[in-house]
Each structure stands twice: as C-alpha cells, then as structure tokens.
Amino acid sequence: MNTRSFAIGLGSTPKRVLPGFGLSLGISLTFVSLMLLLPMTGLFGQLAGLSLAEYWAIITNDRVVASYVVTIGAAAVAAIVNGAFGLLLAWVLVRYEFPGKRLLDALMDLPFALPTAVAGITLATLYSSNGWMGRLLEPLGLQVAYTWVGIALAMAFTSIPFVVRTVQPVLEDMPHEMDEAALTLGASDLTGFRRVILPHLWPALVTGTGLAFVRSLGEFGAIIFIAGNMPYETEITALMIFVRLQEYDYAGASAIASVVLFVSLALLLAINIWQGRFIKRLHGGHG
C-alpha cells in the first residue's frame with residue numbers, strides 16, 4: 001500500500017457491514033416496545049394504585065398461595081417429564097430414519113397450532129371416567145381428569161415443543177463422529193452419551209426445560225377444562241387472575257400476574273446467566 005492510499009484509508013469513513021442497521025434497529029425496538037414493554041408498563045401501572053400492604057395482602061391470600069403451589073408443582077413435573085421425553089424425541093428425529101418421520105416431526109408443532117381450549121376439552125374427554133383412557137385407568141385406581149395429574153398432563157402437552165425444538169438443532173449440528181469416537185475408545189453407550197454428547201446438549205436441554213416450565217406457569221385454556229377448579233386443590237394461578245378480571249378487580253389481577261411475571265423473568269435470567277458461564281467453562285476446558 002502506498003502513502004496516498006494509506007492516507008485515503010485513514011480519512012475515509014468506515015463502511016457498515018450491514019446496510020440499513022439504523023432502520024432495522026428502529027423497527028425492532030418499536031416492535032419490542034409495542035408487543036412487550038407497553039403491556040408490561042400497563043401491568044405496573046395497575047400496581048401503582050395499590051399500597052404495599054394491599055399488594056402483599058392480595059398475593060399472600062390463602063387461596064392464591066394454594067394456586068401457586070398447584071401451578072408451580074404441576075409445571076415443575078411437566079417440565080421434568082418434557083425434559084426427558086423431549087430429549088428422547090429430538091434424538092429419534094435427528095439420529096434415525098424410519099417411515100413416518102416427517103409426520104412425527106410435524107406433530108411436534110401441533111400444540112403450537114392447536115387452540116389450547118380445544119386441547120383442554122379433548123384431554124378432559126379422553127381422561128374422564130367415561131373417556132377412552134379414563135375407562136382403562138380408573139379401574140387401576142388412577143384418576144387423571146379433574147385432578148392435579150390432569151393439570152400436569154395438560155401443561156406437558158402444551159409445552160413439549162419447547163424442549164424438542166431447542167434440543168433438535170443442537171443435535172443436528174453435532175457430528176456423528178463424536179459418539180462414534182467414544183464407542184471406538186471402548187466407552188459404553190451410556191458412558192459415551194453422558195461424557196461426550198450430554199455436555200454439548202446440556203445448555204439447550206436446560207433452556208428448553210426452563211421455557212417449558214415458564215410456558216406452563218401461564219397456561220390457562222388447556223388446563224381449565226381438565227383441572228376441575230376445586231379451591232385449594234386444583235385451582236391454578238391463571239384462574240385466580242381470570243376470576244379477579246371477571247370481578248373487574250384489575251389491580252388485584254395485576255398483582256397476582258406480577259408474581260408469575262417475576263418468577264418467569266427470574267428463571268429465564270438465571271438460565272441465561274448459567275448458560276453463558278457453562279458454555280464459557282466448556283470451551284475453556286476443551287481449550
């Protein structure tokens with residue numbers, strides 16, 4: 001490079017790698033503001049009319065606290081079950097070829113496309129005492145519909161795609177040579193999976209399971225028909241919010257909703273922080 005070209009390079013304005021960055025960023029921020037920040041601002045605006053004592057009295061009401069226990073417990077069970085079976089489904093869809101694979105892959109997105117109320121009515125019909133599944137389970141002493149088990153089942157149905165679709169791309173990008181090398185070195189199938197494959201899948205699996213848990217916390221339509229809605233037993237937090245809205249108690253509904261919001265945000269933030277540290281530690285160990 002001669003002196004003239006070097007001087008021109010110093011005096012020139014750096015070119016943007018992606019043209020239209022300002023416009024794209026502006027549109028993105030506008031969309032986020034309208035879709036996310038504005039509703040959250042409205043929620044906190046409703047809370048502004050409550051004193052701290054009133055807010056505390058609403059969120060610690062005995063019936064509301066019982067709904068927290070039911071909702072969080074059922075969501076945790078549904079998330080753990082989905083974590084295990086979602087990983088298995090993603091593994092089957094990526095590592096095996098079989099007739100009907102494309103159909104099974106498409107069915108994974110069915111809970112996203114199916115209205116949750118329709119899913120709830122269908123599950124309640126299937127698992128009621130007169131339903132196809134209920135007739136088989138009740139003689140065994142297993143009642144699903146109108147119990148805590150039915151709530152967890154509905155939550156698992158609506159949230160399973162989060163695990164499958166989070167783990168599946170990671171498995172697709174993972175070369176088959178990784179597990180084949182482990183088997184060549186004498187490791188068993190379980191040891192190879194646990195020591196070689198699982199560390200790479202772990203961040204995606206935890207993220208998908210966390211998303212399934214958060215999704216289950218706010219589920220309403222699929223649960224309301226199968227839960228039975230018995231006070232202190234099968235009432236979920238979303239129903240408590242709905243009841244307050246029916247009573248035109250918007251501040252009370254916002255107070256209960258804020259608890260679910262804080263739990264969800266705290267969990268997602270914790271997962272993101274852990275995921276970043278885990279990936280950094282994993283890459284550092286490999287380096």
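We now turn to the structure provided with this report. Per chain, the residues get numbers from 1 upward, laid out in the order the sequence is written. For a predicted model such as this one, the threshold for reporting local features is a pLDDT of at least 70, and the threshold for listing and counting side-chain atom pairs is 80 or more; totals across whole chains, interfaces and linings nevertheless cover every residue. For the side-chain quantities, the full set of heavy atoms in the structure was used; hydrogens and water were omitted.

Space inside the largest pocket adds up to approximately 410 Å³. Site definitions follow a grid-based scheme: protein atoms alone, a 1 Å grid, a 1.4 Å probe that fits but cannot get out for cavities, and for pockets an open set with protein on both sides within 12 Å along at least five of seven lines, plus lining residues having an atom within 4 Å of a point. Looking at the largest pocket, it is lined by 17 residues, and the ones nearest its centre are Asn-82, Leu-153, Ala-156, Phe-157 and Ile-160. Comment: elements are numbered from the N terminus, with helices defined as DSSP H or I runs of at least four residues and strands as E runs of at least two. Those elements that provide at least two residues to the lining of the largest pocket are helix H4 (62-95), helix H6 (110-113) and helix H9 (148-173). Looking at which element gives the most residues to the lining of the largest pocket, the answer is H9, with 7 residues. Each residue receives one of three labels: charged for Asp, Glu, Lys and Arg, nonpolar for Ala, Val, Leu, Ile, Met, Phe, Trp, Tyr, Cys and Pro, and polar for the others, Gly being one of them. In terms of residue class, the lining of the largest pocket is made up of 16 nonpolar, 1 polar and no charged. Grid points are joined across faces, edges and corners, and a volume is the space filled by probe spheres set on the points. Taken as a whole, the second largest pocket encloses approximately 290 Å³ of empty space. In terms of lining, the second largest pocket is formed by Val-214, Leu-217, Gly-218, Thr-237, Ala-238, Ile-241, Phe-242, Leu-245, Ala-257, Val-260, Leu-261 and Ser-264. Of all the elements, helix H13 (residues 237-246) adds the most residues to the lining of the second largest pocket, at 5 residues. Of the residues in the lining of the second largest pocket, the class split is 9 nonpolar, 3 polar and no charged.

For the rest of this paragraph, the subject is the pattern of salt bridges. By definition, a salt bridge exists where a carboxyl oxygen of Asp or Glu is found within 4 Å of a side-chain nitrogen of Lys or Arg. All told, the structure shown has 6 salt bridges when counted by the stated rule. A salt bridge links Glu-97 to Lys-101; the shortest N-O distance between them is 3.0 Å. A 1.4 Å probe rolled over the protein chains alone gives each residue an accessible area, and that area as a share of the maximum for its type sets the label: buried under 20%, exposed over 50%, partly exposed in between. Taking the relative accessible area as the measure of exposure, Glu-97 reaches 69% and is therefore exposed. Across the pair Asp-105 and Arg-165 runs a salt bridge, and its minimum N-O distance is 2.7 Å.

Let us now look at a nonpolar patch on the surface. Only residues whose relative accessible area exceeds 30% and that form no salt bridge enter a patch; like-charged residues are grouped when within 9 Å of one another, and nonpolar side chains (Val, Leu, Ile, Met, Phe, Trp, Tyr) when within 5 Å. All accessible-area figures derive from a Shrake-Rupley calculation using a 1.4 Å probe, and residue coverage is judged against the displayed protein chains alone. A cluster of nonpolar side chains, Phe-31, Val-32, Leu-34, Met-35, Leu-36, Leu-37 and Leu-38, forms an exposed patch at the surface whose accessible area comes to about 690 Å². Inspection of the secondary structure puts Val-32 in helix H2 (residues 21-47). The class for Val-32 is partly exposed, based on a relative accessible area of 34%.

Two rings belonging to Phe, Tyr or Trp (six-membered ring only in the last case) form a pair when the distance between their centres is within 6.5 Å. Interplanar angles under 30 degrees mark stacking, angles over 60 mark edge-to-face geometry, and anything in between is tilted. Inspection of every chain in the model, using the stated rule, returns 4 aromatic pairs. Measuring from ring centre to ring centre gives 6.4 Å for Tyr-248 and Tyr-250, while their planes differ by 80°; the resulting arrangement is edge-to-face. Exposure remark for Tyr-248: the relative accessible area of 65% places this residue in the exposed category. Residue Tyr-250 is classed as partly exposed on the basis of its relative accessible area of 41%.

Glancing now at the side chain of Thr-209. Secondary-structure assignment places Thr-209 in helix H11 (residues 189-217). Discounting residues that sit within four places of it in the chain, Thr-209 has contacts with Ala-79, Gly-83 and Val-163. Whether two residues are in contact is decided by their heavy atoms: any pair within 4.5 Å suffices.

Any functional reading would require information beyond the geometric quantities listed.
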